[in-house]
Amino acid sequence: MALMLRIGLTGGIGSGKTTLARLLGERQVPVLDLDGLGRALHSDSACMAELVDAFGKEIVDATGAIDRRALAALCFADGEKTEMLNRIMHPRIWAQTEAWCAEQDAVYVLIEASVLIESGGASRMDAVVVVLADAAIRRQRVLASRNMDAQQFEAIVRRQCSDAERRQVADFIVENNADLHALNCQAEALHRELLALATS
Ligand code: ATP
């Protein structure tokens, strides 16, 4: 069997990454949610201890769990703190990713991450799929589906890289400005291309 390809999937907030990942998952593609993996690591005791050591007790909430908002606020606009966080999280995230990949039986797997490009993770992938959607559409989808206001949405957009940067890294681009039926057709076409790439 050919080597299993690691396909990164990324895009800006509300672009439709998770929706596309679900559509590919329906086609039996194994999908790893790196954002979820990072969140789960916050409750791993060794990881938690290192985070508290590095950032102090102020990142622990009343229930004893890591307060992700407090941690994000500390790192926001402080490059050194962001690097410190990355030094703690990235080795764990990539070790778990490799362990997960080793368990999969597929010609390609999908690794979904909102900041795959910003974190440098794109270079670990065999190919990168970028989902793009116009900013106004993303905003409307996010505000309609999530407990988030326009200001929070814009703050996240500012922290993420631009679509121009995403286009530069992309091996495959999915434009998600139309309806879910259109996205499903694109998912099917993409799946065929990725299968062909993985078995070539
Ligand atoms: P985030 O970065 O915040 O995790 P995301 O890129 O994973 O966002 P999704 O969660 O997939 O984006 O999509 C955002 C919202 O838009 C969801 O409610 C989803 O159902 C909806 N959506 C995605 N694509 C479409 C589409 N083509 N037509 C209609 N709604 C869509």
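Just so it is clear, the structure is predicted and the values come from calculations on it, not from any experiment.

A. Main features of the domain arrangement of the chain. What the domain assignment lists for the chain is domain 1 (1-30 + 107-195) and domain 2 (35-103). Taking the mean C-alpha position of each, domain 1 and domain 2 sit 23 Å from one another. Between domain 1 and domain 2, the residue contacts involve 16 residues of the former and 9 residues of the latter. Each partner contributes to the roughly 950 Å² buried at the junction of domain 1 and domain 2, and carbon and sulfur atoms together form 62% of this total. A per-residue breakdown of the area domain 1 buries against domain 2 is headed by Arg6, Arg124 and Arg159, which together make up 37% of the total.

B. Here's a closer look at the pairing of strand β4 (residues 127-132). β4 sits mainly inside the fold: 6 of its 6 residues count as buried. Burial of the side chains of β4 extends over both faces: Ala127, Val129 and Val131 are buried on one face and Val128, Val130 and Leu132 on the other. In this structure, strand β1 (residues 5-11) lies alongside β4, joined through 5 bridges in parallel fashion. Residue pairing across strands places Gly8 opposite Val128, the latter belonging to β4. When β4 meets strand β5 (residues 172-175), the two strands line up parallel, connected through 4 bridges.

Parameters at a glance
Residues numbered from 1 in each chain as written. Predicted model: local features only at pLDDT ≥ 70, side-chain atom pairs only at ≥ 80, totals over all residues. Heavy atoms only, no water. Domains from an automatic or database assignment. Contact = heavy atoms within 4.5 Å. Buried area = accessible area lost by both parts, 1.4 Å probe. Buried < 20%, exposed > 50% of the residue type's maximum accessible area, 1.4 Å probe, protein only. Helix = DSSP H or I, 4+ residues; strand = E, 2+ residues; numbered from the N terminus. Pairing = 2+ DSSP bridges.

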